[in-house]
Every structure is written in structure tokens, then in C-alpha cells.
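Survey of secondary and tertiary structure
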Amino acid sequence: MKKLINNSDNVVRESLEGMAAAHPDLIKVHFDPHFIYRVEAPIPGKVALISGGGSGHEPMHGGFVGLGMLDAACPGEVFTSPTPDQMLEAAKMVTGGAGVLNIVKNYSGDVMNFEMAAELAHSEGISVLNILIDDDIAVKDSLYTQGRRGVGATVLAEKICGAAAQQGYDLTQVANLCRQVNLNGRSMGMALTSCTVPAKGSPTFSLGDDEIESGIGIHGEPGRQRMSLKSADEITEMLAVSIIEDRNYTRTVREWDADKGEWVEQELIDPAFESGDRVLAFVNSMGGTPLSELYIVYRKLAEICEKKKLQIVRNLIGPYITSLDMQGCSITLLKLDDEMIQLWDAPVKTPALRWGI
Amino acid sequence: MVSKEQILQWLQAVAVVLEQNKDYLTEQDAAIGDADHGINMNRGFQKVATQLPSVADKDIGNILKTVSMTLISSVGGASGPLYGTMFLRASTAVAGKSELTDEEMATLFQAFVEGIVQRGKANLGDKTMLDSLSPATDTFQQAVAAGASTAEALQQAVAAAEEGMKQTIPLVAKKGRASYLGDRSAGHQDPGATSTYLILKTLWETVNS
């Protein structure tokens, strides 16, 4: 393993120390438990947005803390979900009295830890809602299982809901919007190489020089299918067509009822894309793939969307939800309405995403 | 009968065993998950080992509650809440005790199972830690009912856990990150079932020594 690190035990802490040193105008970092929070927090009367997950996906989530996006991010160990005490302390630090929305990727560890955190915050009198992001179509349809993973749509939900919270939406409104972004977003990824977790020191899985893995998640967990290497156009077509042609997806999710203080189950359905839809196209690097290759992917994606009569009205291209040093990419398409477009365009100023200011 | 001292020795020994098996568990997790189970469990139990002296004069319920809170706040992933809830349930089940009769040990096992089921919503055969814990619990209860000594009952329970652990190899995962692999998760032993087996085996070794 060749890594630019000092000691694998200190990767997360030293990275956070560097982040705090780099962006003192935007964020502060709290240690033990670890969380990153907005320098202005708490903001009275504003719904606070918190997300979190394993480290190793930078800039997600810490890079999205700031004006118009997250109020706090809880980084776990590398690829390991954060713990409930981190989320609880973050919630206490950033709550402005209008409630806290936790944006949670659908991975069992994240889900369970955020569920415990919501229960703890509730017992301390903080109104909390958890919304799950499960946009990865690589995983089979399922009603009562782990379901689909949460990947690229998380970034888009954090931006759009962050703008909504900034504009004064209340907790229920922000949560409903977050659910809508999730239901209208679909993603799929692929890997050219494995990543190497610093504490493990060797690649998580091995891929031959002539092999790729399709349908990967963001933790170096192997994907659903291994296949021979293809051209960028063929890979893009495989990912994009799978996303566009994915049909209505139904699952049952558990959401926290802040009034009753209990978990309730509800059935949610993703609508399929239709001809004429306006979409946001997000081409994401898994960390090791350069921007030049992402543009090759975008070139083909735009052509496919045009052929399928999907209008790309906004886009995002770059490394935003990564998997350490893995080479590969993911594509996310999000069906937009006027409200989402306005919120997407709203000012944002965070370490990793900024415009309109 | 299991004494408080044995419970403390067991938990200290688990920290040693998990350190020794850190890479083994992580390799198992790399095959079907995300290569962190051994690293996370080791981090959690090393922290537990440092906390134990401060609660050595407390009752078993209090000791197990400290284990629970330490695991919840230091392990992360799915194992943190699962093992954390398991020990939390157990701590309530044996609150105030300074030694455990065989019936109370059976109650402790049952609380472990209920903690996992409650937090993880898992069923037997989902390729999880429940697949080693649940048969161990049933076997312990049956052995005690049939008049076995504590050590004998634990020995039989550990054998059942080992068998359950091995039976996870052909299973297709229904929970956790391995479930995202679908059929490709078959052919690999579940790391959670393995860590549970190691923890139970250490309990038997402690009581037997």
C-alpha cells in the first residue's frame, strides 16, 4: 500500500484537523466525538441539516457543511458509519430550535446508528426526522429487505434541502422535499479498480486488468457483476440505460414520528422517468478517475439523454461522493421540478461546493 | 454458576481474542462486505478492556451496561448498534446480580438474541450473527434443562454456535452490506456470525478454566 498518510490509526483525525485549518471561515471541527459544523451554528429558527457516514467518501459529507447546505456532518472511521453519540452531540450543537433533519444513506450501519441517534435526541427534547436515501438501482428490488443503497442522490438532497432550510422551510417541509428528491433520483456506479482501506493496507477486492465491476457501492464492497473491460461509451450506455429504464420501485421504509416518538413504516414508490422529463445529470468520480474521463462519460450521457428525450437542465461533474482511491464512476439522474431547480441554483458556500455568492 | 469475576475475565479475554482475530475477521468481511469488521470489533473491545477496571466493583448488570455504551460509541458500522443493543438488553436482564445461576445465564442468552432481533430485524438464515447466537442459546437452555453443568452447557452451546457459523457459508445474505451482493454472497462465512462464535467460545473457555 502506498498512501499519503502518517499512521493508519490517525487518518480520520488528521484529515479533520487539516480540514479545520483549511476552512476556518466556513466550518469548525469538534473532536471526541468527531463532527464538523457550520461556523455560524446554531442558527435560531432554521431547520438544522445533519448527515454523516463513513470517512473515505470525501468531500461528502464534511465538504458540504456551510451556507445553503449542511449544518453538521458526522464522519465515522473509514467506511464505517459514525456512532449515535456523534450525531447526538452534533444535533445539540447545531439545533436552532426548528428541529433537525438527518439525511441517512441506506446502509444498515448508518440506518441503525441514526435510528439510535434519533431516539436519543428525542429523549433530549430535540425534534428530529430521519430521511433515508436509497437511489442505487444496482441492488435488486425488495419490499422488506435492506433495499437499495444510498449513493449519489445524497449529495443532491443535501444541496436542495440545504437551500430549502436556508429559505425558511419548516422541518416537515424539508423532510418531505428530501423524500421527493430521493424518490426522483436514481444512480448506478462501476469500478475499474478496488480501493485500499488504510487500516487494512491491501485492496478490498482484486480486479484483473481486463475486468470491471458494475453496480458497486461506495465502500469497496464488490459490485453485483464482474465483466470484461469496455469502452467509456459502452460503460456509460450500460449505466445510463439501466437508470433511465428502471421501472417504478416500491419499498417499505421506517421513519421516525417526532410527535409520537415512535417508528412508523410507510410504503414509498419511485416514479419511472418519462419522455420530456427535466433532469439533473451528475457524473461522479469514485476518487481515482480524473475529470477528463468524467467528461468522456458526460459526453455520451448527454447524447443518450437527448435520444431518450430527457432534458438535462442542470449538471454536476466531479469527485463528490468517492470511495478512497477507487477508479470508476457513478451516474445519477434526478428528475427536477421548478422548486428543485430554484433550490439547486440557490447560493451555496461550503468547502467543496460553492456558487451564487 | 458464573461469577462476576468470570464475567470480567471473559470480557478482558474477548479483547485479546478479537485482537488476535482482527485480520481474520476483516478478511472475511472483505469477501462480502467492506473490510472493517475485525478492525471495528477490535477497536470496540480494546476500549471495553480499558473501561472494565473502573466498573469492577459494580454488579454484572452495570458491567454489561458499560460494555454496551462503550461498543455503541466506539464500534460504528452495523456491529456497534447490534452488539451494543445485545449487551444493553443483557444488562437489564441481569441487573443487580453479582453471580448468575444457569437459569440466569439462559436469560442472558435470551436477552442477547432479543437485542439483535430488535435492532437488526434479522431472522435465522439471513447470514448474520444471529445464525451462531440463536442455536447457541437454544442449545444452552436445553442442556441446562437436561441437567448439564454450566461448563458442559456452554461447551455444547459453543459447538452449536460453530455449526451455525459454518452453516452461513452457503447462505445468501439478506441483511447488511453483504445483502447487496445477492447470490455472490454465497460461499463465504459471515464475519458477524464468526465474531459472535469467538465471543461465546471465550466465555466457555473462561468458565471452564
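Residues numbered from 1 in each chain as written. Chains lettered and ligands numbered in written order. Predicted model: local features only at pLDDT ≥ 70, side-chain atom pairs only at ≥ 80, totals over all residues. Heavy atoms only, no water.

Further remarks concern the overall build of chain A. What chain A contains, in helices and strands, is eight helices and 16 strands. Taking 2.2 N^0.38 as the reference for a compact globule, 357 residues should give roughly 21 Å; the C-alpha atoms of chain A span a radius of gyration of 19 Å, in line with that estimate. A total of 357 residues make up chain A; the buried ones form 61% of that total. Long-range pairs, those at least 24 residues apart, make up 72% of the contacts in chain A with a sequence separation of at least 6. A total accessible area of about 12900 Å² is found for chain A, and carbon and sulfur atoms account for 48% of it. In chain A, 32 side chains carry a positive charge and 48 a negative one; their mean positions are 4 Å apart. (Helix = DSSP H or I, 4+ residues; strand = E, 2+ residues; numbered from the N terminus. Rg over C-alpha atoms; globule rule 2.2 N^0.38 Å. Buried < 20%, exposed > 50% of the residue type's maximum accessible area, 1.4 Å probe, protein only. Contact = heavy atoms within 4.5 Å. Areas by Shrake-Rupley, 256 points an atom, 1.4 Å probe, with all protein chains shown as cover. Lys, Arg positive; Asp, Glu negative; His and termini not counted. Charge placed at Lys NZ, Arg CZ, Asp CG, Glu CD.)

Attention shifts here to the nonpolar core. If you look at the biggest cluster of nonpolar residues, it comprises 93 residues, and the most contacted ones within it are Leu-49 and Leu-101 of chain A. When residues of this core are assigned to their parent elements, the largest contribution, nine residues, is made by helix α4 (residues 153–166) of chain A. Setting aside residues no more than four positions away along its own chain, Leu-101 of chain A makes contact with Val-47, Ala-48, Leu-49, Ile-50, Leu-129, Ile-131, Leu-171, Val-174, Ala-175 and Cys-178 of chain A. Core analysis: the second largest hydrophobic core is formed by 62 residues, Ile-60, Ala-106, Leu-154 and Val-207 of chain B among them. (Core = buried A, V, L, I, M, F, W, Y, C linked by side-chain atoms within 4.5 Å.)

Moving on, we come to the sheet that holds strand β7 (residues 185–191) of chain A. All names here are of chain A. Read from one edge of the open sheet, six strands run β9-β8-β7-β14-β12-β13, paired in mixed fashion. Of all strands in the sheet, those bounded by a partner on one side alone are β9 (225–228) and β13 (311–318). On average, adjacent strands in this sheet sit at an angle of 20 degrees to one another, irrespective of strand direction. The sheet contact formed by strand β12 (residues 278–285) and strand β14 (residues 328–335) spans seven bridges and is antiparallel. Directly across from Val-279, in β14, lies its bridge partner Lys-335. Sitting on the sheet, helix α8 (residues 338–345) is in contact with β12, β13 and β14, with an inclination near 35 degrees to β13. (Pairing = 2+ DSSP bridges. Axes fitted to C-alpha atoms, helices over the stretch in contact; angles between N-to-C directions.)

Our next topic: the interface of chain A and chain B. Across the contact, 36 residues belong to chain A and 33 residues belong to chain B. Roughly 2700 Å² of surface becomes buried between chain A and chain B when both sides are summed, with 55% attributable to carbon and sulfur atoms. Between Glu-119 of chain A and Arg-119 of chain B there is a salt bridge; the shortest N-O distance is 3.8 Å. Where chain A touches chain B, the interface holds seven residue pairs in polar contact (both at pLDDT 80 or more). (Buried area = accessible area lost by both parts, 1.4 Å probe. Salt bridge = Lys/Arg side-chain N within 4 Å of Asp/Glu carboxyl O. Polar contact = N/O pair within 3.5 Å; in protein donor to acceptor, adjacent residues only side chain to side chain.)

All right, on to the sheet that holds strand β6 (residues 128–133) of chain A then. Residues and elements named next belong to chain A. On the basis of which strands lie adjacent, the open sheet formed by six strands has the order β1-β2-β4-β3-β5-β6 and mixed pairing. Two strands lie at the open edges of the sheet, namely β1 (27–30) and β6, each paired on one side alone. Direction aside, neighbouring strands of the sheet carry axes that sit 20 degrees apart on average. On top of the sheet, helix α1 (residues 11–22) reaches β1, β2 (35–38), β3 (48–55) and β4 (72–78); it is set at about 150 degrees to β4, its chief contact.

Looking now at the packing of aromatic side chains. Centre-to-centre distance and the angle between the planes together describe a pair of aromatic rings. Residue and element names in this part refer to chain B. Evaluation of the coordinates by the stated rule reveals 10 aromatic pairs over all chains. Centre to centre, the rings of Phe-87 and Phe-112 are 5.3 Å apart; their planes meet at 65 degrees, and the pair counts as edge-to-face. Residue Phe-87 is located in helix α5 (residues 79–93), and its partner Phe-112 is located in helix α6 (residues 102–120); the two are separated by 25 residues in the primary sequence. There is no split in this pair, since Phe-87 and Phe-112 are both buried. (Phe/Tyr/Trp six-rings, centres within 6.5 Å; stacked < 30°, edge-to-face > 60°.)

Take the pattern of salt bridges next. All names here are of chain A. Inspection of the entire model under this criterion finds 31 salt bridges over all chains. One salt bridge in this structure joins Asp-71 and Lys-46, with 2.9 Å as the shortest N-O distance. With Asp-71 in the loop between β3 and β4 and Lys-46 in the loop between β2 and β3, this pair connects stretches of sequence that are 25 residues apart. Each member of the pair, Asp-71 as well as Lys-46, carries the same accessibility label: buried. Overlapping salt bridges bring together Arg-13, Glu-17 and Asp-32 as one network.

Residue and element names in this part refer to chain A. In this sheet, β2 lies alongside β1 in antiparallel orientation, the contact comprising four bridges. For Val-29, the partnering residue across the bridge sits in β2 and is Ile-36. Looking at chain direction, β2 and β4 are connected through two bridges and run antiparallel. When the bridges of β4 are listed, Ile-36 appears paired with Ala-73.

So, on to the side chain of Thr-322 of chain A. Residue and element names in this part refer to chain A. You can see Thr-322 is positioned in the loop between β13 and β14. Among the residues examined, Thr-322 registers a relative accessible area of 5% and is labelled buried. Side-chain polar atoms of Thr-322 contact the backbone oxygen of Glu-58, separated by 2.7 Å. Not counting the four nearest positions on each side in its chain, Thr-322 is found in contact with Gly-56, His-57, Glu-58, Ile-218, Ser-285, Met-286 and Gly-287.

Position of Ser-73 of chain B relative to the elements: it lies in helix α4 (residues 60–74). Judged by its relative accessible area of 29%, Ser-73 of chain B is partly exposed. Here the alpha-carbon distance between Ser-73 of chain B and Gln-28 of chain B, two residues 45 residues apart in the chain, equals 24 Å. Apart from residues lying up to four places away in sequence, Ser-73 of chain B is in contact with Thr-83 and Asp-85 of chain A. Among the polar contacts listed, one links the side chain of Ser-73 of chain B to the backbone oxygen of Met-69 of chain B, at a separation of 3.0 Å.

This part covers the side chain of Glu-104 of chain B. Locating Glu-104 of chain B in the fold gives a position in helix α6. Not counting the four nearest positions on each side in its chain, Glu-104 of chain B is found in contact with Val-94, Lys-97 and Glu-99 of chain B.

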